[in-house]
Amino acid sequence: MNTEENQLLTRTGPGTAMGEVFRRFWLPILLAEELPAPDCAPVRVKVLGEELIAFRDTDGRIGLLDRFCAHRHTDLFFGRNEECGLRCVYHGWKYDVDGNCVDQPSEPPEFVFKDDIKLTSYPCRERGGLIWTYMGPADLEPELPELEWARVPPAHRYLRKYIVDCNYLQAMEGDIDSTHVPFLHSYLGEQAQRRLRRLQGGSSRLYTEQGLPKWYKISVKDTDYGLMFGFYRQTEDENIDWHITHWLMPAYTLIAGGTPGQTLRCNTRAPIDDENFAFFRVQWNPERPLTAEEIAEYEQGTSFEEVIPGTFLPKRNKENDWLIDRELQKSWNFTGIRSIPEQDQAITISMGPILDRTKEHLGSSDTAIHALRRKLLQAARGVLEGTDPYAAYHGDAYRVRQLDIVLKKDIPWDEGSREQIKATA
């Protein structure tokens, strides 16, 4: 990859090609619980390089506005959320959820010009435990993606948010790089045996006696929603084990590991700026509420990260080397770092704020990475030429589900999995 292409993929601010791609979609920006009630405290939001303020007004409507008052550029984070508007505490100018200035109490009646004042504002919707916004042209407003986890009842879903300090793309590429799993996320000794025993009855043939998954080959299918990846190997009885992951425009990954009745996982990312992103990690079960045991594992185990209290910042981070424990690295797991997402972040953040892809030496195991970059470059160049992404205007295309499946070797994987990957919730 050359420097120009790397810049095209990683820059998402106003006026950039990839920024325009993201601005053609509804993007998750906040947990709904961050704006818990009418007239609650406003929340600072930075997304795609824009400094914004979010608030829920007296009627429960959500506003997302330019963060700074049009009068003297005061930070509206300090504003009063009252009577269907956000009022600047400096001189009392007040704005509704559409950015209209509705009051100028510091001006004499004969000089009031509030009807000429309007802050930049973006429409918001609440769905699936998240608040979403659309930041593109008003006449091109897309459909919300019909992601299964956003449609199931709340009791079927567990959702966490983190702020991660690197470019969105290098983290997203890690989602589809299944060849790193036998190394970065592996356990040692008895821990590996326990993991293997937990997998019995599922896709256990994909695992060695050490409990480590190994994917020998990769197949890629271009789809309306993005890409479908099949990681596979031949079994002893000459069938094919398939491990099917989906990447959905612009930044969702349905991580494979799904068999009927199993709880599933989605990673989604919204760029804050070029060197940071908001990371939403979701577990959901389309058929039943999550169990107390599952929730306890998410809150206390290694599927999710611990955060610094009162923030969305991981407790283990680059400032403390993710609290790597060299003794545990010798006896418990491959890295000495506690959780899977922390292991991922240690690696992707260590690449630097924005990975310089001109220095890479990709191999045959990086087929999925090549495919993702080609798809994003195609989308970025398409937007520059006036062609918008198909998926943005076809929300039903997102009704898919990840899957582990064994097929006879003469059955094409996309045909053999067609019915099972359909989301039903």
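Everything quoted here is computed from the prediction, not taken from an experiment.

Colleague: How would you summarise the overall build of the protein chain if you had to cite specific residues and measurements?
Modeller: Of the regular secondary structure elements, the protein chain holds 11 helices and 19 strands. Compactness check: the protein chain gives a C-alpha radius of gyration of 23 Å against a globular reference of 22 Å for 425 residues, within 12% of the reference. When the backbone C-alpha atoms are referred to their principal axes, the protein chain occupies close to 85 × 45 × 45 Å. Out of the 425 residues in the protein chain, the part that is buried amounts to 55%. Partitioning the contacts of the protein chain with sequence separation of at least 6, the portion at a separation of at least 24 is 59%. Positive and negative side-chain charges of the protein chain, numbering 51 and 66 respectively, have mean locations separated by a distance of 4 Å.

Colleague: So what about the sheet that holds strand β10 (residues 124-127)? Which residues, and what values?
Modeller: Across the sheet, which stays open at both edges, the three strands sit in the order β1-β11-β10 with antiparallel pairing between neighbours. If you trace the sheet from one side to the other, it starts and ends with β1 (26-31) and β10, each paired once. Ignoring strand direction, the axes of neighbouring strands in this sheet form an average angle of 35 degrees. Both β10 and strand β11 (residues 130-134) contribute to a ladder of four bridges, which runs antiparallel. Each residue of the ladder has a partner; that of R125, found in β11, is W132.

Colleague: Let's hear about the sheet that holds strand β4 (residues 62-66): which residues, and what values?
Modeller: Whether parallel or antiparallel, the strands of a sheet pair through hydrogen bonds between backbone atoms. Strand order across the open sheet formed by four strands is β2-β3-β4-β9, with antiparallel pairing between neighbours. Each of the sheet's edge strands pairs with one partner strand only, and the pair in question is β2 (43-47) and β9 (121-122). Direction of pairing for strand β3 (residues 50-56) relative to β4: antiparallel, over a ladder of five bridges. Residue A54 lies in a different strand from β4, and its bridge partner there is L64.

Colleague: How would you summarise the confidence of the model for the protein chain if you had to cite specific residues and measurements?
Modeller: Overall, the predicted model of the protein chain reaches an average pLDDT of 92, with 93% of residues at or above 70. Low pLDDT (under 50) marks residues 199-212, which in the prediction has 30 contacts with non-local residues, meaning those over four places away or in another chain.

Colleague: Give me the lowdown on the nonpolar core, citing residues and values where you can.
Modeller: Counting 95 residues, the largest nonpolar core has V45, W149 and L376 as the members making the most contacts within it. Here this core takes nine residues from helix α10 (residues 367-384), the largest share from any one element. When sequence neighbours within four positions are dropped, the list of residues in contact with L376 reads L9, M18, Y168, L169, M172, W247 and P250. Among the nonpolar cores identified, the runner-up in size contains 13 residues, and I53, C69, C101 and I117 belong to it.

Colleague: Break down the pattern of salt bridges for me, with residues and values.
Modeller: Pairing is possible between side chains of opposite charge, provided their charged atoms come close. All chains considered together, the criterion is met by 35 salt bridges. When the shortest N-O distance is used, the salt bridge between K114 and D115 registers 3.4 Å. Accessibility expressed as a relative area gives 68% for D115, which makes it exposed. R127 is the salt-bridge partner of E146, the closest N and O atoms lying 3.0 Å from each other.

Colleague: Account for the environment of E305, with residues named and values stated.
Modeller: Tracing the backbone shows E305 in the loop between α7 (292-300) and α8 (326-331). With 127 residues separating them in the primary sequence, E305 and S178 have C-alpha atoms 20 Å apart. Filtering out sequence-adjacent residues up to four positions away, E305 remains in contact with R160, Y162, P314, S339, P341, E342 and Q345.

Colleague: Which residues make up unusual backbone geometry, and what are the values?
Modeller: For the peptide bond that leads from M249 to P250, omega is -10 degrees, which places it in the cis range. Considering the arrangement of structural elements, one finds P250 in the loop between β15 (240-248) and β16 (252-255). In this structure, D39 is a non-glycine residue whose phi angle is positive, near 65 degrees. Positive phi outside glycine occurs at H73, with the angle close to 60 degrees.

Colleague: Talk me through the packing of aromatic side chains; I want residue IDs and the actual numbers.
Modeller: Tallying each qualifying case throughout the model produces 16 aromatic pairs. With 5.5 Å between their ring centres and 80 degrees between their planes, Y187 and W332 make a pair best called edge-to-face. Here Y187, found in the loop between α5 (181-184) and α6 (189-199), pairs with W332, found in the loop between α8 and α9 (340-350); they are 145 residues apart in sequence, far enough to count as distant. Under the relative-accessibility criterion, Y187 is labelled buried at 14%.

Colleague: Mind laying out the pairing of β4, listing which residues take part and the relevant values?
Modeller: Burial within β4 is extensive, with four of its five residues counted as buried. In textbook terms, the turn of a hairpin is the stretch between consecutive antiparallel strands, and for β3 and β4 this stretch comprises five residues, one of which, G60, has a positive phi near 85 degrees.

Colleague: Can you break down the environment of A379 residue by residue, with the values?
Modeller: Of note, A379 is situated in helix α10. The residues touching A379, leaving out its near neighbours within four places in the chain, are V21 and M249.

Colleague: If you had to explain the packing of helix α4 (residues 168-175) against α10 to someone new, which residues and values would you point to?
Modeller: For the pair α4 and α10, interaxial distance at closest approach is 10 Å and the crossing angle is 135 degrees. In terms of orientation, α4 lies oblique with respect to α10. Between α4 and α10 lies a crossing of right-handed hand. Within the contact between the two elements, α4 uses Y168, L169, M172 and E173 and α10 uses I369, L372, R373 and L376. When grouped by side-chain class, the residues that make up the contact of α4 with α10 number six nonpolar, no polar and two charged.

Colleague: Tell me what's going on with α4, and back it up with residues and numbers.
Modeller: Along α4, seven of the eight residues are buried, which leaves the element largely enclosed by surrounding structure. For α4, the set of buried residues is Y168, L169, Q170, A171, M172, E173 and D175.

Colleague: Talk me through the packing of helix α1 (residues 3-10) against α10; I want residue IDs and the actual numbers.
Modeller: For the pair α1 and α10, the least separation of the axes is 10 Å and the interaxial angle reads 75 degrees. The orientation of α1 with respect to α10, classified from their angle, is roughly perpendicular. Counting all contacts with α1, which are made through E5, L8 and L9, the residues of α10 involved are R373, L376, L377, A380 and R381. Classifying every residue of the contact of α1 with α10 gives five nonpolar, no polar and three charged.

Procedures and definitions
- Residues numbered from 1 in each chain as written.
- Predicted model: local features only at pLDDT ≥ 70, side-chain atom pairs only at ≥ 80, totals over all residues.
- Heavy atoms only, no water.
- Helix = DSSP H or I, 4+ residues; strand = E, 2+ residues; numbered from the N terminus.
- Rg over C-alpha atoms; globule rule 2.2 N^0.38 Å.
- Buried < 20%, exposed > 50% of the residue type's maximum accessible area, 1.4 Å probe, protein only.
- Contact = heavy atoms within 4.5 Å.
- Lys, Arg positive; Asp, Glu negative; His and termini not counted.
- Charge placed at Lys NZ, Arg CZ, Asp CG, Glu CD.
- Pairing = 2+ DSSP bridges.
- Axes fitted to C-alpha atoms, helices over the stretch in contact; angles between N-to-C directions.
- pLDDT = per-residue confidence, 0-100.
- Core = buried A, V, L, I, M, F, W, Y, C linked by side-chain atoms within 4.5 Å.
- Salt bridge = Lys/Arg side-chain N within 4 Å of Asp/Glu carboxyl O.
- Phe/Tyr/Trp six-rings, centres within 6.5 Å; stacked < 30°, edge-to-face > 60°.
- Parallel < 35°, antiparallel > 145°, perpendicular 65-115°, else oblique.
- Left-handed = near helix turned anticlockwise from the far one by under 90°.
- Nonpolar A, V, L, I, M, F, W, Y, C, P; charged D, E, K, R; others polar.

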